[in-house]
Amino acid sequence: MAPCTFHHAIKWLLYGCIASHVLKKAQGIAPRWSWETVMPFFHSCNETGLWSDEALDVISKFPMVTVEKGQGFLSNSSGYAEDHIIAQLAAVKARDPTIQTVFYMNSVLNWFFYALAKEYENIPAYWLYDSTTHKPVRSKGDRAFQPQPSEGMLVFNHAIPAVRSLWKDVCYNAVNSGVVDGCYADASDQDSHRTENYLNASDRAAFEAGKVITSADITRKFGGEPGKPYPQNATGVLIGKRPDQKGINAIQIEDFEANEEHIQILLEAVAHGYLVQVHVSLKVEYSVTCGCSCITNELAAFLIGMGKYSYFGYGTWISPDLADVKKRWCPDLFTRPLGKPLGSGTRSNNGVWRRSFSSGTNVTFDAHTNKGTIDWSGPSTEVEMTTRP
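Residues numbered from 1 in each chain as written. Predicted model: local features only at pLDDT ≥ 70, side-chain atom pairs only at ≥ 80, totals over all residues. Heavy atoms only, no water.

(A) Structural context of the sheet that holds strand β10 (residues 310-313). Pairing is parallel across the open sheet formed by 3 strands, whose spatial order is β8-β9-β10. Across the chains shown, the open sheet's two edge strands, defined by having one partner strand only, are β8 (250-256) and β10. When strand polarity is set aside, the average angle formed by the axes of neighbouring strands in this sheet is 15 degrees. The pairing of strand β9 (residues 275-280) with β10 spans 4 bridges and is classified as parallel. Note on β10: the bridge partner recorded for H279 is G313. On the sheet, helix α7 (residues 260-272) packs against β8, β9 and β10 and is oriented at approximately 175 degrees with respect to β8. Here helix α9 (residues 296-305) sits on the sheet and contacts β8, β9 and β10; the angle it forms with β10, its principal contact strand, is near 175 degrees. (Pairing = 2+ DSSP bridges. Helix = DSSP H or I, 4+ residues; strand = E, 2+ residues; numbered from the N terminus. Axes fitted to C-alpha atoms, helices over the stretch in contact; angles between N-to-C directions. Contact = heavy atoms within 4.5 Å.)

Shown next as structure tokens:
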């Protein structure tokens, strides 16, 4: 790791300066949960620096907040992605310490603006190599985050125990900062970023098995058991990608659409008892351009399949301005009465799903038209508060 300096230790107690020399328990908190209303989550970043107080007024309403890799990337402040993400999550925690804060990581791509990247680039023995050409495997990431190296980024070779430790330590050190409760493991599912195209059968098996070990170790570190329900007394979270993924007890369905296929994916995750973040797909363009008034179909599909520890959210991975942040909080959807479900969603022979909740809220979703309706049992409490004389 990079040399430990007094400056880094004082700044965030991050990235090996304290946690690599002093044995600590990386512990966070489980997220708030209630059946009273839809439980939303926030996942984005501000490339130009810390969000304003007015933006934090909105973000602090969410019980879960993930800050993406690009936080502060275009700002003039010094430091790496680890520094910027933790600084932002510290500001969120200062508003409400009960918010579960999540630190973005990528299981495959060595994003170049992390301090981890600088260390990894200097250890060729840790890199993933093409099984045939023996050249380093490099891949590009989400094109929304620019600029990127033209040749792509190195890949973490989880088949090597030392690489797994290196990757896990970044997550643990973030949690040891005291303002982070877990990590988002992007690309932790099998064959992400098409790594299978570069590996023979044995190398691929070792690489994918290593990714599972990495995820499983962190899941257990946070008080969970891979493949088992997310526990109420969890001391953090490691968020994976798919319900059939091994090594995890929490996932984000990041490209959720209002259709039968995605309801079934949600139902599979809920059947496992996993914590599930349902993020409306960015392919659903109106969710970004229109906002709260245009995501009723997606929310109805979510309500058909959701369970305990299911959270709903939408929006781009980079939040461009205050207006965008404000648009992500939907009081007319997030503060209406819901209540415990009176049973699982039921599907009729004609493809119409139905589900009712104890408050009197009723939901239908037509799997043929992909249209949903939500008959709320009462008004938004937040709207009521703002309209009283």
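Structure shown, so let's carry the discussion forward.
(B) Region of interest: the pairing of β8. For β8, the tally of buried residues reaches 5 of 7 residues, placing the bulk of the element in the interior. For β8 and β9, the ladder comprises 5 bridges, and the chain directions are parallel. Bridging from a neighbouring strand, A250 pairs with L275 of β9. Read as a crossover between parallel neighbours, the route from β8 over α7 to β9 is right-handed. (Buried < 20%, exposed > 50% of the residue type's maximum accessible area, 1.4 Å probe, protein only. Right-handed = clockwise from strand over helix to strand, strands pointing away.)

(C) Main features of the pairing of strand β13 (residues 362-366). A one-sided burial pattern is seen for β13, the buried positions being V363 and F365 and the unburied ones N362, T364 and D366. One ladder, built from 5 bridges, connects strand β12 (residues 352-356) with β13; its direction is antiparallel. Within the sheet, the bridge partner assigned to R355 lies in β13 and is V363. Taking the residues that link successive antiparallel strands as the turn, the β12-β13 hairpin has 5 residues, and the phi of G360 there is positive, at about 105 degrees. Bridge count for β13 against strand β14 (residues 371-375) is 5 bridges, and the pairing is antiparallel. Within β14, the residue paired with D366 across the bridge is K371.

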